[in-house]
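This is what each chain is made of:
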Amino acid sequence: MTHRIVVDLQTGVTTQVEYTPEEQAVHDAAVAAQQAAELAAQPIEPTPEAQP
Amino acid sequence: MSSVAIQGNAAGAGVFTIASPNSASSYTATLPTATTTLVGTDATQTLTNKTIQGGAITSGTAVASTSGTSIDFTGIPSYVKRITVMFSGVSTNGTSVPILRLGISSGIEATGYLGSTSNIVTGSTPTSTNTTGLGLAQAIDAAAIYHGHIFITLLGSNLWVMSAVLSRSDTALTTVASSSKTLSGTLDRVRITTVNGTDTFDAGTINILYE
């Protein structure tokens, strides 16, 4: 699970807060969208011409 | 009913007088419910067991920025008018620029920031505006390692003004940024994250001071 770090200045306690299922779903969707955008931005290799 | 006793000292010869100032109003001074010595304003005194709110600089807890998609500092007292965020060797695993956002008790606010961020490198200073937070870099790569300060000050009426000077140790590059943001309530938290919100911190230490 993805998490964030939270420092409570009143208590001095640092905690690792796991994403809720909803936050994780949003995170996973964002990562997938970024990967799709990176793929779309990659140059397309030219197709080798058919040999006679 | 409790009572008040005035007790002299048999070893002394001086006369101590309780005097009233010239005033038409009446006042009551309540004695402390402790065995103690009252102090006046005639000499420098050392305060003990007292908390000064404002005027004193309080350090938060340094946190290793080695995991997670964001680092939050919560519980910032309402009297605070200046916050300093300190970066030492901070890095993320991606190319999304780090960003600082302010928040109130109901959460972090990610809109309404007014300002720009510049990367100063040899021969150019690429600059970008950012409305979703104080941008802590104009652009980065995954190798970026940052050091420096971010200052956040209260101009008034929940209007906060921020500036950052950070530089990289992996290459010769300095970032200068500033922004202002009107919060919808009283600031009580600060978040350091990235624009895409999915890159994770993988090195460094972050702490804050508040006053």
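Here the structure is shown first, and the text comes after it.
Let me sum up the structure you'll find in this document. Every value quoted in this text rests on a predicted model; they were computed, and no experiment measured them. As a convention, each chain's residues are numbered from 1 in the sequence order in which they are written. Chain A is the first chain written and ligand 1 is the first ligand written, with later ones labelled in order. Local features in a predicted model are, by the rule used here, given only for residues with pLDDT of at least 70; side-chain atom pairs are given and counted only at 80 or more, and totals for whole chains, interfaces and linings are based on all residues. By convention in this description, side-chain values take in all heavy atoms of the structure and omit both hydrogens and water.

**A few points about the overall build of chain A**
Then comes step 1: Numbered from the N terminus, helices here are DSSP runs of H or I no shorter than four residues, and strands are runs of E no shorter than two. Scanning chain A from N- to C-terminus turns up one helix and two strands.
Then comes step 2: Counted from the first residue to the last, chain A has its helices and strands arranged as β-β-α.
Then comes step 3: Every radius of gyration here is taken over C-alpha atoms, with the globule rule written as 2.2 Å times N^0.38, N being the number of residues. What you see for chain A is a C-alpha radius of gyration of 21 Å, clearly larger than the 10 Å of a compact globule of 52 residues, by over 25%.
Then comes step 4: With respect to the three principal axes, the spread of C-alpha positions in chain A is 75 × 20 × 15 Å.
Then comes step 5: Under the scheme applied here, a residue whose accessible area is under 20% of the maximum for its type counts as buried, over 50% as exposed, and between as partly exposed, the area being computed with a 1.4 Å probe on protein chains only. In chain A, which comprises 52 residues, the proportion classed as buried is 19%.
Then comes step 6: Carbon and sulfur atoms make up 61% of the accessible area of chain A, which totals about 4,100 Å². Computed with a 1.4 Å probe, the accessible areas rest on the Shrake-Rupley method; for each residue, only the protein chains presented here act as cover.

**What to know about the environment of Gln7(B)**
Then comes step 1: Here Gln7(B) lies in the segment before β1 (58–59).
Then comes step 2: For Gln7(B) and Gly55(B), which are 48 residues apart along the polypeptide, the C-alpha to C-alpha distance reads 39 Å.

**Observations concerning a nonpolar patch on the surface**
Residue and element names in this part refer to chain B.
Then comes step 1: Taken together, the side chains of Val 4, Ile 6, Ile 18, Leu 31 and Leu 38 define a hydrophobic patch exposed on the protein surface, amounting to about 640 Å² of accessible area.
Then comes step 2: Structurally, Leu 38 can be placed in the segment before β1.
Then comes step 3: Taking the relative accessible area as the measure of exposure, Leu 38 reaches 60% and is therefore exposed. Patch membership needs two things, relative accessible area over 30% and no salt bridge, and members are linked within 9 Å if like-charged or within 5 Å if nonpolar (Val, Leu, Ile, Met, Phe, Trp, Tyr). Counted as salt bridges are all cases of a side-chain nitrogen of Lys or Arg within 4 Å of a carboxyl oxygen of Asp or Glu.

**Some remarks on the pairing of strand β14 (residues 201–210) of chain B**
Then comes step 1: Pairing geometry for β1(B) and β14(B), over two bridges, is antiparallel. The partner of Thr58(B) across the bridge, within β14(B), is Tyr210(B). Should DSSP find at least two bridges between two strands, the strands are taken to pair.

**Quick notes on empty space enclosed by the protein**
Residues and elements named next belong to chain B.
Then comes step 1: Grid points spaced at 1 Å and placed over the protein atoms alone form the basis of the search, with a cavity being a set where a 1.4 Å probe fits but cannot get out and a pocket an open set showing protein on both sides within 12 Å along at least five of seven lines. Lining residues have an atom within 4 Å of a point. Grid points are joined across faces, edges and corners, and a volume is the space filled by probe spheres set on the points. Enumeration over the complete set of coordinates arrives at one cavity of 30 Å³ or more.
Then comes step 2: By volume, the largest cavity amounts to about 50 Å³.
Then comes step 3: Around the largest cavity sit Phe 87, Val 90, Ser 91, Thr 92, Pro 98, Ile 140, Ala 144, Tyr 146 and Phe 201, which together line it.
Then comes step 4: Here the term charged refers only to Asp, Glu, Lys and Arg, the term nonpolar to Ala, Val, Leu, Ile, Met, Phe, Trp, Tyr, Cys and Pro, and the term polar to all other amino acids, Gly among them. Residue classes in the lining of the largest cavity are distributed as seven nonpolar, two polar and no charged.

**What to know about the interface of chain A and chain B**
Then comes step 1: Facing 17 residues of chain A, the contacting portion of chain B comprises 20 residues.
Then comes step 2: Taking both partners together, chain A and chain B bury about 1,400 Å²; carbon and sulfur atoms supply 52% of that area.
Then comes step 3: Taken as a group, Ile5(A), Val7(A) and Leu9(A) account for 43% of the area that chain A buries against chain B, more than any other trio of residues on that side.
Then comes step 4: Each polar contact in these results corresponds to two N or O atoms within 3.5 Å; when the atoms are within protein, one needs to be able to donate a hydrogen and the other to accept it, and residues that are neighboring in sequence are counted only if both atoms are side-chain atoms. Across the contact surface, chain A and chain B share 11 residue pairs in polar contact (both at pLDDT 80 or more).
Then comes step 5: Within the residue set of the side of chain A that touches chain B, elements represented by two or more residues are β1 (3–8), β2 (13–18) and α1 (21–41) of chain A.
Then comes step 6: For the side of chain A that touches chain B, the leading source of residues is β1(A), giving six residues.
Then comes step 7: With four bridges connecting them, β1(A) and strand β3 (residues 71–74) of chain B associate as parallel partners. Among the inter-strand pairings, Asp8(A) is bridged to a residue of β3(B), identified as Thr74(B). For this analysis, residues touch if any pair of their heavy atoms sits within 4.5 Å. Buried area is a sum: the accessible area each of two parts loses on coming together, probed at 1.4 Å, counted once for each and added.

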